[in-house]
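Each chain, written out:
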Amino acid sequence: MTEWDVKKLRILRTLRDRGTVTATAEALRMTPSAVSQQLTNLAGQLGVRLLEAQGRRVRLTDAAHLVLRHAEAVFAQLERADAELAGYLRGEAGQVRVGAFSTAVPALVVPAVRLLGAEGRPGPQVRVREAEAAQAFDLLSAGEVDLALSLAAHAPTVRDPRFTLLPLLADPLDVALPAGHRLAGAPALRLADLSREPWIFGGSGPWSEITTAACEAAGFVPEQAHSAAGWTAILAMVRASMGVALVPRMVSSSDRPHHGVAMRVLESDRPCRHVVAAVRQGAERGPAVARVLAALERAAADSAGRSAVVKQN
């Protein structure tokens, strides 16, 4: 196969545009002899004559013009590659696959994507994969996602060399009561006031552990009356007076209506869950991943601000 040397082809194109070896050398900051030597080498590589004498000057042969017609497509593709690479280095290109647990998708990931879109410049393509909090790290380790949103309770230790962890948000836990519950309007409600109530939480996994730990910190072991993992099911059972439940602020402050459910802030207990972002060690330096992490941090700060408004109200 013929060897095509892009550097030498650029010299040939400059000679065509500038007209003389001397002008070509000045434009490329080379010596005239170096220009002539490079073009002689290119002719040898291609196996055709590229230049012929025309008085004291040289002119391009028909073969040289043919070579340049094809080379222009190469130059155009290289320009596009340079532009795309420059965009990548600015975090304006590339794809970032995000694995996130269910409530983090509408509360953090979607707002982060909107923030990226509002920056007024191209951004990386974000692809979302919903995953259980504990599963997110398995996906990250396996290379199936580039960034994982999970709970600190299920995160590896900070000493784990595989990952870089970034704390995002302390998400407060509110208690959901049936709207007609005797304590729905009680002042300064505490978890201990609900120690004899039937509770609704998952049979296993992070939410079971978070609910149990919060109640035990308040001095009692919750009686699990019903087991459910989805918030639609949990709130439906609360609405039907089947029990009470702890609900993350990211759910309780969402735009979804909670008719028939009283959401109460636990000011004295202040239980919360901690949301973290994780990437494979070193990946945080990648421009696209860094931009998505920055957008997630801003989305988390906005979420914390909304949580403060809910508490005040």
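Residues numbered from 1 in each chain as written. Predicted model: local features only at pLDDT ≥ 70, side-chain atom pairs only at ≥ 80, totals over all residues. Heavy atoms only, no water.

**Considerations on the nonpolar core**
Of all hydrophobic cores here, the largest spans 61 residues; its most connected members are Leu108, Leu147, Leu149, Trp199 and Leu246. Per-element accounting of this core gives the leading share, eight residues, to helix 10 (residues 287–312). Val21, Val67, Leu68 and Ala71 belong to the second largest nonpolar core, which has 18 residues in total. (Core = buried A, V, L, I, M, F, W, Y, C linked by side-chain atoms within 4.5 Å. Buried < 20%, exposed > 50% of the residue type's maximum accessible area, 1.4 Å probe, protein only. Helix = DSSP H or I, 4+ residues; strand = E, 2+ residues; numbered from the N terminus.)

**A look at the pairing of strand 5 (residues 147–151)**
Taking burial as the measure, the five residues of strand 5 include five buried ones, the bulk of the element. Residues Leu147, Leu149 and Leu151 point to one face of strand 5 and Ala148 and Ser150 to the other, with burial holding for every one of them. Pairing geometry for strand 3 (residues 95–100) and strand 5, over three bridges, is parallel. The partner of Ala100 across the bridge, within strand 5, is Leu149. Relative to strand 11 (residues 272–280), strand 5 runs antiparallel, the two sharing four bridges. Within strand 11, the residue paired with Ala148 across the bridge is Ala278. (Pairing = 2+ DSSP bridges.)

**What about helix 5 (residues 104–117)?**
With 14 residues, helix 5 ought to run about 20 Å at 1.5 Å a step, and its terminal C-alpha atoms sit 19 Å apart, in line with that. Ala104, Val105, Ala107, Leu108, Val109, Pro111, Ala112 and Leu116 are the residues of helix 5 that are buried. (Expected span 1.5 Å × (residues − 1).)

**Things to note about the confidence of the model for the chain**
Per-residue pLDDT for the chain averages 87, and the proportion of residues at 70 or more is 90%. The weakest mean pLDDT in the chain belongs to helix 4 (residues 62–89) at 79; the strongest belongs to strand 7 (residues 198–200) at 96. (pLDDT = per-residue confidence, 0-100.)

**What to know about empty space enclosed by the protein**
A full pass over the atoms with the stated rule returns one cavity of 30 Å³ or more. Estimated volume of the largest cavity: approximately 40 Å³. Considering the residues around the largest cavity, the lining is formed by Val98, Val109, Ala112, Val113, Leu116, Val126, Val292 and Leu296. When contributions to the lining of the largest cavity are tallied by element, the ones reaching two or more residues are helix 5 and helix 10. The element that contributes the greatest number of residues to the lining of the largest cavity is helix 5, accounting for four residues. Among the residues making up the lining of the largest cavity, the classes are represented as eight nonpolar, no polar and no charged. (1 Å grid on protein atoms, 1.4 Å probe; cavity = no way out; pocket = protein on both sides within 12 Å on 5 of 7 lines; lining within 4 Å. Points joined across faces, edges and corners; volume = space filled by probe spheres on them. Nonpolar A, V, L, I, M, F, W, Y, C, P; charged D, E, K, R; others polar.)

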